[in-house]
Amino acid sequence: MNYKPEPIDTAKVIINTEHLKLTELLAKNTHEIWAQQRIAEGWKYGHQRDDIRKEHPGLVSYEELSESEKQYDRNTALGVIKMLLALGYRIEGQATSLADEQQEQQLAGMLKNLQESSELNLSSLLAIQRETIKIRPHSPDIYIVLGETILQIGEPLMAYDVITEGLKHWENNIRLKQLLALALARSGAILRANSLLLELVSAGESDRETISILARTHKDLYLRATTPQEKQRHLELAAQRYQQAYQLSGNYYPGINAATMNLLRGDEVTAREIAAQVREQCLQQPEKDYWQLATLGEAALILRDWPEAEKWYKRAIEVGKGRLGDISSTRRNAKLLLEYLEGDTQRFQEWFKLPRAVVFSGHMIDRPGRNIPRFPPELEEQVYRAIRDRLSALDAKIGYASAACGADILFLEAILELNGDIHIVLPYDREEFIKYSVDIIPHSNWKQRCEKLLDKANEVITCSNRKLENSQVLYEYANCVVHGLGKMRAELLDTELIHLAVWDGKAGDGTGGTAWAIKTWQAWGYEVEIIDLESMRKASLTNNHSSQDWQPEINIIQEASNNGESREVMALLFADVVKYSNLTEEQIPQYVEYFLGSVAELEAKSSYKPLVKNTWGDALYYVFPSISDAGNFALDLCDLIQQINWLEKGLPENLNLRISLHAGPVYQYVNPVTKDTSYIGTHVNYAARIEPITPPGKVYTSQAFAALACTLGVEDFTCDYVGQIPFAKGYGTFPTYHLRRQIID
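Attention in this report is confined to the structure presented alongside it. (Residues numbered from 1 in each chain as written. Predicted model: local features only at pLDDT ≥ 70, side-chain atom pairs only at ≥ 80, totals over all residues. Heavy atoms only, no water.)

1. A short note on the overall build of the protein
- Looking only at helices and strands, the protein features 27 helices and 16 strands.
- Within the span of the protein, comprising 745 residues, buried residues form 50% of the whole.
- With the model as given, the accessible surface of the protein reaches about 36,000 Å², and the carbon-plus-sulfur share is 48%. (Helix = DSSP H or I, 4+ residues; strand = E, 2+ residues; numbered from the N terminus. Buried < 20%, exposed > 50% of the residue type's maximum accessible area, 1.4 Å probe, protein only. Areas by Shrake-Rupley, 256 points an atom, 1.4 Å probe, with all protein chains shown as cover.)

Shown next as structure tokens:
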């Protein structure tokens, strides 16, 4: 795992004596919480740690800890304080008052830096939502800036969560309400956004920003309308509202949109007049930001100056690199205008050309002494050139592949030569993978090249922690994850996904290999770019090579043995009941009757049937045959639990569920004790580890589940990236996704 910690930069945070006093208090409290939890789980003091007997030497008072152990807790506490201060929070109390001019200036500076930052670590920004220590900011500014910035990078659903949290504290803040409407609009909930903005206007808010976002919702409703009358009505309203905002402020943003809407409604005279005014306004700015450059491009389009439009759009895209949400809005307006003016979008495709994403599969290099050559080492340079040239011709610079010796490594090296991004998926642990799939050619440098690529990769995903003997399911699984990650990236960037393979044209030896990947891609409806390895091999034959018919290689990974073992990819659901430990002995019967009874009733009515189900205490465990079934059932279960008034049932009012989903290879077996068929394996454990960090009332998934959902084209729900979230202590951090229904009005 190529993990590099990237904590929030707190180098410029100023710590005073009051902070240090608070650090000691938090450090002691951290230890007390840890000890309380351990004791509740049945642990007791012991001279040495013993996990079986549940004994731990740290179960003593904070004062009895060694200085090094105290310092560990102090570092943790101080890190939290510094992070909060770096993000603009201030800490207030009877003994601590930081509301002075210096702190106000520090907060203003930090917010300014965040707004002007060219690179943003989304998971770091969202970490504040998951901290156990909640310190209320002195103003809504931090929520506003976070919301604006997350919207810029194209994550409206995450922005919605942040803005909603801010509105809990500042429910009447107009800017937060505007941003909430914008997040809803960009998420597809147009009617909800439109309704919220109309409420603001009815309440007397008629500022430029409110009217502009309201106009945007009418533009969206115009695009969504299904009848000519409805389309025309929203087009007229959009034009009127944008023109109103332009007249109120003279700002170029509503101005250019007013010009576009007027053009689309057929009033080209007004459109050209406003576009010319806005153009002059933006040209007068000595240094132009992203929106001014994009506005100049749109104005040139309305004025039918194609070379000028291309020039400004290309400059805007360069300046706005990484601002996918903003670029998406710009692309949409440009596409609308070109369809109206020219009847096609050929120019649009040329101006807004983005590099393609590519998923790859290819043969490994031949081992020494292979009876019938397939990828002989002497073809390495030729294959590399063929891959690089094909990638260059396709403008494919975002690569997803594994990293076996041979075609995989050549593909990744070619992507890097073209200044692209590489994303590597390993079927199992890095060390084992290198041993079995890389370092297999004596006196070669494949291992060194692989390790170099792993270090340079944008991300390295390990699908399973151990190699499975006598089974190819991990190779199937890894190929599906490769494809899902590539597809998600292509959809996020609104670019094309390319499927590329180095193949000999022959049937493979089983599932998970190159032939299998190609056949699977084609079955999903994709065209596959093939680099014909067999033609290269035949062309390079000398008199010392046999021209006998090709025979498939016997792969070192054999088919499943005859011992009844069966491994296949399944979807796994884990859930536990929040506040279960608060139940009294008298409430247990109500819990069984109403809580578990409600779950059983849902399951009986559901069309999403599990293969296996189980409960123990506060935990639920399900195994589903498909990603779609697991995701839909999880969302239905989440909705059910939150809709019931538990107080009426004699249970705690805040009773809730944490639900996690994962998908991976599992082993089917008959339990010798219960005689029931069930599933077991490391991926079951992996799913269970996600669940403790899942917020109540939400469904979180692993990256593998999200990738497979995307690969299979599940339309009922979507998986939104949350960030690198820590599992239980000792298990590190992993990319985690929030499962949501597709937003509809």
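2. Some details on the packing of aromatic side chains
- A complete count under the given rule lists 14 aromatic pairs for this structure.
- Each ring, one from Tyr 428 and one from Phe 433, has its centre 6.0 Å from the other, and the planes form 65 degrees; the classification is edge-to-face.
- According to the relative accessible area criterion, Phe 433 is buried, its value standing at 2%.
- For the cation-ring pair, Arg 38 lies above Trp 43, with the distance from its terminal atom to the ring centre recorded as 4.4 Å.
- Between the NZ or CZ atom of Arg 449 and the centre of the ring of Trp 446, over which it lies, the distance is 4.3 Å. (Phe/Tyr/Trp six-rings, centres within 6.5 Å; stacked < 30°, edge-to-face > 60°. Lys NZ or Arg CZ within 6 Å of the ring centre and 35° of its normal.)

3. A short note on the nonpolar core
- Counting 113 residues, the largest nonpolar core has Ile 387, Leu 391, Phe 411, Ile 424 and Phe 705 as its most contacted members.
- The leading source of residues in this core is helix α21 (residues 473-493), at eleven residues.
- Beyond its immediate stretch of four places on either side in the chain, Leu 391 contacts Val 358, Ala 396, Phe 411, Ala 414, Ile 415, Leu 418 and Leu 500.
- In terms of nonpolar packing, the next biggest core, distinct from the first, is built from 41 residues, Tyr 242, Tyr 290, Ala 309 and Leu 341 among them. (Core = buried A, V, L, I, M, F, W, Y, C linked by side-chain atoms within 4.5 Å. Contact = heavy atoms within 4.5 Å.)

4. Focus: the sheet that holds strand β7 (residues 497-503)
- Taken in spatial order, the six strands line up as β6-β5-β4-β3-β7-β8 in an open sheet, and their pairing is parallel. Two strands in the sheet have a free side with no partner beyond their single neighbour: β6 (459-462) and β8 (529-532). Put simply, the sheet's adjacent strands are angled 20 degrees from each other on average, direction ignored.
- Of the pairings in the sheet, the one linking strand β3 (residues 356-362) to β7 comprises six bridges and is parallel in character. Looking at the pairing, Val 358 lines up with Ile 498 of β7. (Pairing = 2+ DSSP bridges. Axes fitted to C-alpha atoms, helices over the stretch in contact; angles between N-to-C directions.)

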